[in-house]
Amino acid sequence: MSKFQAIAEAMQKGDVSGIAVDNVKVYPHSFEQSGNVKLLMVKSDNTKYILATGEGSLFDELQGENNSGVKVCPLVTANRLVLNKYFDYTVPRAFGTQVATIGLGDRLGIASSGHIKTVAGKNIHPILAQQSIREITLTKRDYNDVLNGAVFAVFQEGYKDGFGADGDHLKVEADIKMSLDLGFTMITLDCSENIDNSVENITAAEREAKYNQLPEATRNHYESRYLNQTFEVAGNSITFNKENLIEIVLVYGAAVDFMEHIFVTYIKNLGRDVDFEISIDETPSPTAPEAHFLIAKELYSRGVTVYSMAPRFIGEFQKGIDYIGDIAQFEKEMVIHAGLADDFGYKLSIHSGSDKFSVFPIIGKYTKGRFHVKTAGTNWLEAVRTVAKVKPDLYRRMHQYALEHFNEAAAYYHVTTDLSKIALLDQVKDADLSSAFMDEDNARQLIHITYGILLQAKDAQGNSLFADEFFRTLSEEEEAYEQSLISHIGKHIQLLGK
Ligand SMILES: O=C(O)[C@@H](O)[C@@H](O)[C@H](O)C(=O)CO
């Protein structure tokens, strides 16, 4: 009799609460039924499956090995699509502008169950499937993998409050079409390559000369709407004179046209709700409130419906560490940015939202609890922390490899990491690796951005240097990882006022 036979019998009786089978973990919240078919997620030898019993189209459509009436189904795309067909709560959804949402990027595909346990019952909704093209390129995953990780976790936990799927930092049209074709419910349009910050480094006269080369219709469009005009936003005045208008049009004009083009071409007539986010945060200089206003007003006047806007805030929102900058000035500008979002009917989106604890209360206050905060790398760091606790040697090997390959990773992210400030590994006790050592900013950023290099590292024979042992350890420590996420992301949500 297969090791799953006893479980199948309990499934057929409709009571999976007391199942105990050696070396098989049962996820009781996953127990589902459709017609005469019953499903249950289990884990055996560090691999998860969905067991199916009974007769019906659901049983027939699931792919898997049939052992005496118990079908053992792997967590693959084909089976994810079957779950989507039969159980609506496993399909991602858009949330719109009136509720708080949190992006919970999962670079490993195993964090979503912990994220679900973190947000359950709280006044905030999870975008569980969120990865940028940058991330999946570095981890050699695709958007089906990203959806699979989220959907199977939703099924495992029986989570029925809804979740989103964000095609994050998309720059090219093919990626936008691919995301929407797969059913992604949020698109984060990265406009950084359409924003020309270089004009900030030339003289006003050179800018005017460049501006005068723009089509007359373009210049008339902007001058008739903004030149020598003052607009009131959240108790602040936004004024456009010739000089700042010229600069803003030169820096953002092409980006605004790009935003409109993407909305009209891919989103406006899609036939389903999509949360459309504008990302202008990955730029060398902050988004001035005047620029944010002009972009918002242009999009509004062109009929572009925006779910959220991610400006580049003053100061530094670097990966995996707290806010760097003048918090008082950040608060002053947050009043205007949040006021603009309110006036134009969208939410502010906070990118690199991981660990920005010192400014979360300000963000929660001025957005009136309607925000989108994105996290991703910090969830990877909690996985590394979990491993460092039980496999210090593995952490040490990963850390050393990260030091040797840091510059390769730094090409993808803006960080000001100072490797010289990271304590030497041989001077750190095992017990301190997962706490004080990993909490130091430079050590955090080192590991935060080298995720792709570490997960793809191979030895001379092509064998995984770290990933196989890393994932096996996290499977064995599944509850510990969940608790780490509940605690860490829970702190984010609590400080945001949710
Ligand atoms: O690392 C990435 O590519 C993404 O997870 C982030 O840039 C994401 O957009 C984010 O801001 C999460 O903190």
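What counts and how
- Residues numbered from 1 in each chain as written.
- Predicted model: local features only at pLDDT ≥ 70, side-chain atom pairs only at ≥ 80, totals over all residues.
- Heavy atoms only, no water.
- UniProt positions renumbered as here; feature names shortened; annotations may be inferred.
- Helix = DSSP H or I, 4+ residues; strand = E, 2+ residues; numbered from the N terminus.
- Buried < 20%, exposed > 50% of the residue type's maximum accessible area, 1.4 Å probe, protein only.
- Contact = heavy atoms within 4.5 Å.
- Polar contact = N/O pair within 3.5 Å; in protein donor to acceptor, adjacent residues only side chain to side chain.

Enquirer: What am I meant to see in the UniProt feature "binding site: a divalent metal cation" (unreviewed entry) in the chain here?
Expert: As recorded in UniProt, the sites labelled "binding site: a divalent metal cation" (unreviewed entry) are His169, Lys319 and His351. Mapped onto the elements of the fold, Lys319 is located in the loop between β14 (308-311) and α12 (327-344). You can call Lys319 buried: its relative accessible area is 15%. Setting aside anything within four residues of it in sequence, one finds Lys319 in contact with Ser352, Tyr413, Val415, Gln445, His448 and Ile449. As for its placement among the helices and strands, His351 is situated in the loop between β15 (347-350) and α13 (360-366). The class of His351 is buried, set by a relative accessible area of 6%.

Enquirer: What's the story with the UniProt feature "active site" (unreviewed entry) in the chain in this structure? I'm lost.
Expert: Taking the numbering used here, the UniProt-annotated feature "active site" (unreviewed entry) corresponds to Asp168 and Glu277. The annotated residues occupy 110 residues of the chain but converge on a single region, no pair of C-alpha atoms lying more than 9.0 Å apart. Take Asp168: it is sitting in strand β9 (residues 165-170). Using a relative accessible area of 4% as the deciding quantity, one classes Asp168 as buried. With near-sequence residues (within four places) excluded, Asp168 lies in contact with Gln130, Gln131, Ser132, Ile133, Tyr143, Thr188, His351 and Lys374. Along the chain, Glu277 turns up in strand β13 (residues 275-280). If we ignore the near neighbours within four places in the chain, the residues touching Glu277 are Met186, Ile187, Thr188, Leu189, Ser308, Ala310, Ser349, His351, His372 and Lys374. Side chain to side chain, Glu277 and Ser308 meet in a polar contact 2.6 Å long.

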